[in-house]
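Structure assessment
Below are the chains, spelled out letter by letter.
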Amino acid sequence: MKKISLAIFFAFTITLLGNSQKNSAALDQVNKEADAANIAPTSQRRPIIGLTASTGTNTSVVSKTYYDAIIRAGGLPLIIPVDTTTAYLAEVVKDIDGLLLIGGVDADPSYFNEKAHEKLGSVDTLRDVNELKLIRLAANRNIPMLGICRGCQMLNVAFGGSLIQDIPSQVADKSISHRVTAGAKRIHSISINDGSMLAKIIGKSTLEVNSAHHQSVNVLAQGAHLDATSSDGVVEAIDFYPLRRIIGVQWHPEGFKGEDKDMNKIFNFFLGEAKLFKKAKDIHSRILSVDSHTDAPLCFVKGEAQLGERSDNCVNLAKMQEGMLDSQFFAAWVSSENTVMKDGKKQHVAKPLNDETYNVAWNRTLELFNVTMQQINKNSQLCGLALSDKDVKRLKAEGKKAIFLGVENGLGIGKDITKVKTLADKGVKYITLTHTWDNQICHSSSNSEDSNKGLTDFGKKVVKEMNNLGILIDLSHCSEGTFWDVLKMSTKPVVCTHSGAKALCDHDRNLTDAQLKALAQHGGVVQTVAYTEFLKKDGKATIDDFIKHLDYMVKVAGVDHVGVGTDFDGGGGVPGLEADNDLINITMRLLELGYSESDLGKIWGGNFFRAMNAQ
């Protein structure tokens, strides 16, 4: 008889012992409930809400009332420990859909440039840093935020505002005691400003609230709006709408434990914003997105920015990640303009169209290409050069961003048609025929001798060669004469990589309804620009105006013929849409207007790539 190995013997014995024991009825019930849970599709997952925490003795603490309120409103609460490690916090923020900042101790006045008041309460510097970093990281991604009590105060501080450090001694009116309890007991009434975000949420002009705070908002942060005050003048609510989806309340709505409809409205609204943000993120994870025009190479060649660093310029890899943008065109822009002195004043004139001008422009174009390729190669672990939408898809799967090359102004081509092929060989996917002055190819929409005139004889050769070589013709900056000449000549769809609707802003850079319709009939695409002067005549445009132009052009040209081309780092950028990280805001705004995921897939990349693939 063969010997049974010791390992097999013990395994057999343990199995028998395990089978001989019976689980308790209580454990069986718990296991049964857990096993019965259904796994919902990602699209149906409830939004994840990050909750800040208070510091305890070797603990991070959150009152049950906070996460109960989030669960009731339809969210998944995620408690964020009080830690200041930036890399850790950045990873957490990347996965949340909303941030709730809870109440707690006083804020350190050094964060709003004040010395400590003699009656300043206890502070927690570790928690201050934790929350200020979380607010910054969340704001960079345009994540909706709700601040409660201290959370409201920290929002104000994070964006540059200040606080009253000790209400009893710094508020003249002593009729209200603000530091009573965070429970459901109503302490005093507040007045809600007409038209404020809080008024829209609550639907009332007054509200009875509880109160448990020592500090309050003093000087409002930039971009903040006053929503409500108590009778003694203490700020009771602020918001940062419409540019940031952020609101703060000074009382404790969670303290009502779901028993007050008005307080529930606050959490329901916040969760609605988080659901919208989550939906936008989910869509961007599935589609391919492209911004068809930026002037980022100008920042690189000036040494003002690096592609791999999150700097103050509009375009870099960190901001692309935050805004969930997959790909971007870096245009090599050259000027057709000289500045001269006349009668003691600076005047702008066109550069002479001669060999010297062409050579300077060509060398500048190559310089911008070289610095762009240096930046791409330096950050090859994060991005790569793209020649097609297939490259974008591949790079996205690798967790990388895609960079396309374009040329803004064909001045550098000179009269040498072979340079068009040189540009094609370098990977250039489009050429904007001219800029703000007439050149050897065509007439410009700006500063033109005659905007009714179009292509020159050499320009007609350029159009034919671009068609032959598969380079997109970009008609932004071109005169109406040039526009119509190209549409007659080109055998391929053409684009306007950064333009607006003339019907909404009568600027020579924008397109008439007739042009929009003709562009669509030709299979082309207009990419909506974020340049303030092209969006609104008074130069005070915001993302609202950008959306109006995009939506209008969809109505005129059709959803198959409109996209996004910001002109970032070339003068583009408006409040609410100031850099790559704000691009997610476009998606949220369009979702609110009723655009579908299919529509967004077309607008964000499908339309432009279709035109590019048709070359």
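Since this is a predicted model, take the numbers as computed values, not measurements.

1. Examining the pattern of salt bridges
- This model, assessed by the stated rule, comprises 25 salt bridges.
- One salt bridge connects Asp68 with Lys64, and the closest N-O pair in it is separated by 2.6 Å. One end of the pair, Asp68, and the other, Lys64, are both in helix α3 (residues 64-72), four residues apart, so they sit about a helical turn from each other.
- With its nearest N and O atoms 2.7 Å apart, the salt bridge here joins Arg150 to Asp128. Here Arg150 is found in helix α6 (residues 150-158), whereas its partner Asp128 is found in helix α5 (residues 125-140), with 22 residues between them in sequence.

2. Things to note about the sheet that holds strand β4 (residues 76-79)
- With mixed pairing, nine strands are arranged side by side in an open sheet as β4-β1-β5-β6-β15-β14-β13-β9-β10. Two strands lie at the open edges of the sheet, namely β4 and β10 (206-209), each paired on one side alone. Between one strand axis and the next, the sheet turns by 20° as a mean value, whatever way the strands run.
- Summarising the sheet, strand β1 (residues 48-51) and strand β5 (residues 98-101) pair through three bridges and their orientation is parallel. Of the residues in β5, the one forming a bridge with Leu51 is Leu100.
- α5 rests against β5 and β6 (145-148) of the sheet, and its axis sits at about 155° to β5.
- Across the sheet, helix α9 (residues 261-286) lies against β1, β5, β6, β10 and β15 (246-249), angled at about 150° from β6, the strand it touches most.

3. Comments concerning the packing of aromatic side chains
- All told, the structure shown has nine aromatic pairs when counted by the stated rule.
- Here the aromatic rings of Phe404 and Phe609 are separated by 6.0 Å at their centres, their planes lie at 45°, and the arrangement is tilted. Placement of the pair is Phe404 in strand β21 (residues 401-408) and Phe609 in helix α21 (residues 597-613), with a sequence separation of 205 residues. Grouping residues by exposure puts Phe404 and Phe609 together as buried.
- Between Tyr531 and Phe534 the ring centres are 4.5 Å apart and the planes differ by 20°, which places this aromatic pair in the stacked class.
- With relative accessibility at 8%, the residue Phe534 sits in the buried group.
- Put simply, the rings of Phe329, Phe404, Tyr430, Phe608 and Phe609 touch in pairs and so form one group of aromatic residues.

4. Quick look at empty space enclosed by the protein
- Here the structure, examined in full by the defined rule, presents two cavities of 30 Å³ or more.
- Lining the largest cavity are 14 residues, with Asn142, Leu243, Arg244, Arg245 and Asn585 positioned closest to its centre.
- A per-element tally of the lining of the largest cavity places helix α20 (residues 584-592) first, with three residues.
- Put simply, the second largest cavity is a space of about 30 Å³.
- Around the second largest cavity, the lining residues are Pro144, Met145, Tyr241, Arg245, Ile246, Ile247, Phe269, Phe270 and Glu273.
- If you list the elements that add at least two residues to the lining of the second largest cavity, you get β15 and α9.
- Element by element, the count of residues in the lining of the second largest cavity is highest for α9, at three residues.
- Among the residues forming the lining of the second largest cavity, the class breakdown is seven nonpolar, no polar and two charged.

5. Focus: the layout of surface pockets
- Estimates place the volume of the largest pocket at around 780 Å³.
- Around the largest pocket sit 28 residues that line it, and Arg136, Phe159, Arg244, Glu578 and Asp582 are the ones nearest its centre.
- Among the elements that take part in the lining of the largest pocket, α5 stands out by supplying five residues, more than any other.
- When grouped by side-chain class, the residues that make up the lining of the largest pocket number 12 nonpolar, nine polar and seven charged.
- There is about 610 Å³ of room inside the second largest pocket.
- As for the second largest pocket, its lining consists of 22 residues, of which Lys94, Arg141, Gln321, Met324 and Lys401 are closest to the centre.
- Residue assignment for the lining of the second largest pocket shows that the elements contributing at least two residues are α4 (86-95), α9 and α11 (317-323).

6. Here's the deal with the packing of α20 against α21
- Relative orientation of the contacting elements α20 and α21 amounts to 145°, with a least axis distance of 11 Å. The chirality of how α20 crosses α21 is right-handed. Contact residues: Ile586, Thr587, Leu590 and Leu591 in α20; Leu600, Ile603 and Trp604 in α21.
- Taken together, the residues of the contact of α20 with α21 sort by class into six nonpolar, one polar and no charged.

How each quantity is defined
- Residues numbered from 1 in each chain as written.
- Predicted model: local features only at pLDDT ≥ 70, side-chain atom pairs only at ≥ 80, totals over all residues.
- Heavy atoms only, no water.
- Salt bridge = Lys/Arg side-chain N within 4 Å of Asp/Glu carboxyl O.
- Helix = DSSP H or I, 4+ residues; strand = E, 2+ residues; numbered from the N terminus.
- Pairing = 2+ DSSP bridges.
- Axes fitted to C-alpha atoms, helices over the stretch in contact; angles between N-to-C directions.
- Contact = heavy atoms within 4.5 Å.
- Phe/Tyr/Trp six-rings, centres within 6.5 Å; stacked < 30°, edge-to-face > 60°.
- Buried < 20%, exposed > 50% of the residue type's maximum accessible area, 1.4 Å probe, protein only.
- 1 Å grid on protein atoms, 1.4 Å probe; cavity = no way out; pocket = protein on both sides within 12 Å on 5 of 7 lines; lining within 4 Å.
- Points joined across faces, edges and corners; volume = space filled by probe spheres on them.
- Nonpolar A, V, L, I, M, F, W, Y, C, P; charged D, E, K, R; others polar.
- Left-handed = near helix turned anticlockwise from the far one by under 90°.

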